[in-house]
Amino acid sequence: MRFRREKPAGKLLLLSPDQIAPSPWQARTVFSPEEIDSLAESIRQNGLLQPISVRRYEENYQLIAGERRLRACIRAGLEKIPAILYDQTDDQVAALGLLENMQRRDLNPFDQARGIRDVMELWGCSQAEAATRLGLAQPTLANKLRLLQLSEVQQHYILDNALTERHARSVLRLPEKDRMPALKHMARYKMTVRAADLYVEQLLSQKKPPPKRTAMVRDVRIFLNTINKAIRLMTDNGVPASTTKREGEGYVEYTVRIPTTVGSDSSEH
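Residues numbered from 1 in each chain as written. Predicted model: local features only at pLDDT ≥ 70, side-chain atom pairs only at ≥ 80, totals over all residues. Heavy atoms only, no water.

1. Observations concerning the packing of helix α4 (residues 109–123) against helix α5 (residues 127–134)
Packed helix pairs are specified by the crossing angle of their axes together with the interaxial distance, meaning the distance between the axes. We apply this condition: Throughout, an axis means a line fitted to C-alpha atoms (over the contacting stretch in the case of helices), and angles, computed between N-to-C directions, take values from 0 to 180 degrees. Secondary structure is summarised from DSSP: a helix means a run of H or I of at least four residues, a strand means a run of E of at least two, and numbering begins at the N terminus for each. Throughout this description, any angle smaller than 35 degrees is read as roughly parallel, any larger than 145 degrees as roughly antiparallel, any in the 65 to 115 degree range as roughly perpendicular, and the remainder as oblique. Two residues qualify as a contact provided that any one of their heavy atoms is within 4.5 Å of a heavy atom in the partner residue. All residues other than Ala, Val, Leu, Ile, Met, Phe, Trp, Tyr, Cys, Pro, Asp, Glu, Lys and Arg, Gly among them, are scored as polar; the first ten of these are nonpolar and the last four charged.
Between α4 and α5, whose axes approach to 10 Å, the crossing angle comes to 110 degrees. With respect to each other, α4 and α5 are oriented roughly perpendicular. In this structure, α4 contributes Ile 116, Val 119, Met 120 and Trp 123 to the contact, and α5 contributes Gln 127, Ala 130, Arg 133 and Leu 134. Residue composition of the contact of α4 with α5, by class: six nonpolar, one polar and one charged.

2. Quick notes on the pattern of salt bridges
For the record, the criterion: The term salt bridge refers to a side-chain nitrogen of Lys or Arg lying within 4 Å of a carboxyl oxygen of Asp or Glu. Note on exposure labels: buried denotes an accessible area under 20% of the residue type's maximum, exposed denotes more than 50%, and partly exposed covers the range between, all computed with a 1.4 Å probe on protein chains only.
For the structure on display, the rule yields 13 salt bridges. Asp 111 is paired through a salt bridge with Arg 114; the nearest N and O atoms lie 2.9 Å apart. Separated by three residues within a single helix, Asp 111 and Arg 114 lie in helix α4, roughly one turn from each other. For Asp 111, a relative accessible area of 1% translates into the label buried. Note that Glu 176 and Arg 179 form a salt bridge whose closest N and O atoms lie 3.2 Å from each other.

3. Points about the packing of α4 against helix α7 (residues 152–160)
Running from N to C, α4 and α7 point in directions that differ by 135 degrees, and their axes come no closer than 10 Å. On the basis of their axis angle, the class for α4 and α7 is oblique. Across the interface between the two elements, Pro 109, Phe 110 and Arg 114 of α4 pack against Gln 155, Ile 158 and Leu 159 of α7. Taken together, the residues of the contact of α4 with α7 break down into four nonpolar, one polar and one charged.

4. Considering the environment of Val 30
Locating Val 30 in the fold gives a position in the loop between β2 (20–21) and α1 (33–46). Separated by 78 residues in the primary sequence, Val 30 and Asn 108 place their C-alpha atoms 8.3 Å from one another. Setting aside chain neighbours within four positions, we find Val 30 in contact with Asn 108 and Asp 111.

5. So, the sheet that holds strand β1 (residues 12–15)
The test is simple: Two strands pair under a simple rule: DSSP has to find at least two bridges between them.
Spatially, β1-β5-β3-β4-β2 is the arrangement adopted by the five strands of the open sheet, whose pairing is mixed. At either margin of the open sheet sits one strand with a lone partner, and together these are β1 and β2. Note that β1 and strand β5 (residues 81–85) share four bridges and pair antiparallel. By the bridge assignment for β5, Leu 14 is matched with Pro 82.

6. Side note on unusual backbone geometry
Of note in the backbone geometry, Ala 162 takes a positive phi value of approximately 60 degrees without being a glycine. Within the fold, Ala 162 resides in the loop between α7 and α8 (165–171). By relative accessible area, which is 65% here, Ala 162 ends up exposed. Positive phi values are uncommon outside glycine, yet Lys 190 reaches one of about 50 degrees. Within the element layout of this structure, Lys 190 appears in the loop between α9 (176–188) and α10 (193–207). With relative accessibility at 72%, the residue Lys 190 sits in the exposed group.

No statement about biological role is implied by the geometric values presented.
Shown next, in the form of structure tokens:
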């Protein structure tokens with residue numbers, strides 16, 4: 001079942017900030033101070049154009065969606081904040097808050113991944129079920145969750161250096177120890193996603209073990225028989241060739257003596 005907003009359970013409320021508890025499922029962790037200041041100034045000039053969403057919580061209310069707007073209202077000094085009341089379960093609150101941020105592209109890819117992980121834990125469901133309920137393709141959801149395999153240091157580096165989710169997924173193919181150097185290389189040379197993928201392919205190809213050499217002659221006896229036949233052919237034709245065979249651990253050594261001229265001292269070849 002996909003989640004959608006229900007009609008307001010009541011009229012528009014005017015709530016003081018201390019009446020509104022934060023949502024425990026807020027996926028967004030990074031709020032730009034400049035963005036909040038800009039929105040706060042707009043609210044001072046024009047008021048809050050889109051009320052925040054809340055539900056009843058104990059004796060007061062709990063935020064469903066609108067964390068950025070709530071912070072800007074507080075920054076703007078509003079004593080009363082417009083809010084619409086909804087009657088939602090925990091599952092719905094978690095999903096609606098996550099979906100609002102994802103649809104507005106307010107979340108960076110790592111916050112998205114953490115939000116998806118958190119609602120999956122809340123729902124106790126599989127990736128396939130979560131993908132259906134969130135309206136995502138399962139491979140898309142799985143790729144987002146894989147981003148959490150990167151360390152927090154790596155995640156912050158990606159965000160601070162304007163690298164993308166695709167860059168992040170590319171370095172996940174590398175061993176842990178190689179990921180940060182690869183990210184620094186990508187950032188230094190301002191690599192496109194395509195260039196980053198090719199760079200990772202190059203790193204991986206350098207780490208592949210060289211192909212094992214196959215024996216030139218699989219049956220050594222065939223090779224030895226060939227030598228013996230050649231020696232017999234020479235001796236049958238009057239060339240006094242001879243061989244000496246010595247076997248060691250894992251090898252056979254053959255010494256072949258062929259005289260260069262009949263009647264002279266033989267030499268080894």
